[in-house]
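# Fold and contact review
Here's the letter readout for the chains.
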Amino acid sequence: MAGQQSQSIQTLLEAEKEAAKVVQQARQYRVQRLKDARSEAAKEIEEYKKSKEAEFKAFEASHAGNTQAVQAAIDRETEVKQQEIREQYNSHKDTVVKKLLDRVVLVNPELHRNLSKVEA
């Protein structure tokens, strides 16, 4: 009976060692799957980022011409408005200078309305 007990204990120990190996392999497999999943996710993220960057570059290139055309139109409009302002300046310059000189040179001396005349 002692031999049979010893043999069954030995069988149990071997089964326990085998179970420990299976558990260890399962842990390693799980760790490896997590690493693979992370690296695969990183690759997908990088591919997505590259595709979005390419899409943005294409969008930017297609709208770059529009920006230049808009800038040229704004420049033309600004030049037209500046020319109008110059024309108005030149047409009204003499009148404004004459009015300013008349106000400065032709002074009509009179007492201020708040000043009352003091009688002696």
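Preceding block: the structure.
Below: a short report on this structure. (Residues numbered from 1 in each chain as written. Predicted model: local features only at pLDDT ≥ 70, side-chain atom pairs only at ≥ 80, totals over all residues. Heavy atoms only, no water.)

## Quick look at the overall build of the chain
Note the following rule: We count a stretch as a helix when DSSP gives it H or I for four or more residues in a row; a strand needs E for two or more, and each element gets its number in order from the N terminus. Computation of the radius of gyration draws on C-alpha atoms alone. For the globule rule, the value is 2.2 Å times the number of residues to the power 0.38. Buried means the residue's accessible area, taken with a 1.4 Å probe over protein chains only, is under 20% of the maximum for its type, while exposed means over 50%, and partly exposed covers the values in between. Per-residue and other accessible areas were derived by the Shrake-Rupley procedure at a 1.4 Å probe size, with only the shown protein chains allowed to occlude residues. Within this scheme the basic residues Lys and Arg register as positive and the acidic residues Asp and Glu register as negative, but His and the chain ends are omitted. By convention, the point assigned to a charge is CZ for Arg, NZ for Lys, CD for Glu and CG for Asp.
Along its length, the chain carries one helix and zero strands. The C-alpha radius of gyration of the chain comes to 48 Å, more than 25% above the 14 Å expected for a compact globule of 120 residues. By principal-axis analysis of the C-alpha atoms, the chain measures approximately 150 × 60 × 15 Å. Taken over 120 residues, the chain has a buried fraction of 0%. Split by element, the accessible area of the chain, about 12,000 Å² in all, is 57% carbon and sulfur. Where the 21 positive side-chain charges of the chain centre and where its 20 negative ones centre are 4 Å apart.

## Observations concerning the environment of V107
Mapped onto the secondary structure, V107 falls in the segment after α1 (2-105). Distance in space between the C-alpha atoms of V107 and E18 is 119 Å, their sequence separation being 89 residues.

## Some words on the pattern of salt bridges
Formally: The salt bridge criterion pairs a side-chain nitrogen of Lys or Arg with a carboxyl oxygen of Asp or Glu, the two atoms within 4 Å.
All told, the structure shown has four salt bridges when counted by the stated rule. The closest approach of N and O atoms between E55 and K52, which form a salt bridge, is 3.5 Å. Linking E55 with K52, this pair stays in helix α1, spanning three residues, or about one helical turn.

## Quick look at a nonpolar patch on the surface
Stated precisely, the cut-off is as follows: Residues enter patches when their relative accessible area tops 30% and they take part in no salt bridge; the joining distance is 9 Å for like charges and 5 Å for the nonpolar side chains Val, Leu, Ile, Met, Phe, Trp and Tyr.
Together, V97, L101, V104, V105 and L106 make up a nonpolar patch on the protein surface, roughly 510 Å² of accessible area in all. Secondary-structure assignment places L106 in the segment after α1.

## Here's the deal with a negative patch on the surface
On the surface, D36, E40, E44, E46, E47 and E53 cluster together into a patch of negative charge. Structurally, E44 is set in helix α1. Accessibility expressed as a relative area gives 48% for E44, which makes it partly exposed.

## A word on the environment of K17
Relative to the helices and strands, K17 is located in helix α1. The exposure class of K17 is exposed, given its relative accessible area of 59%.

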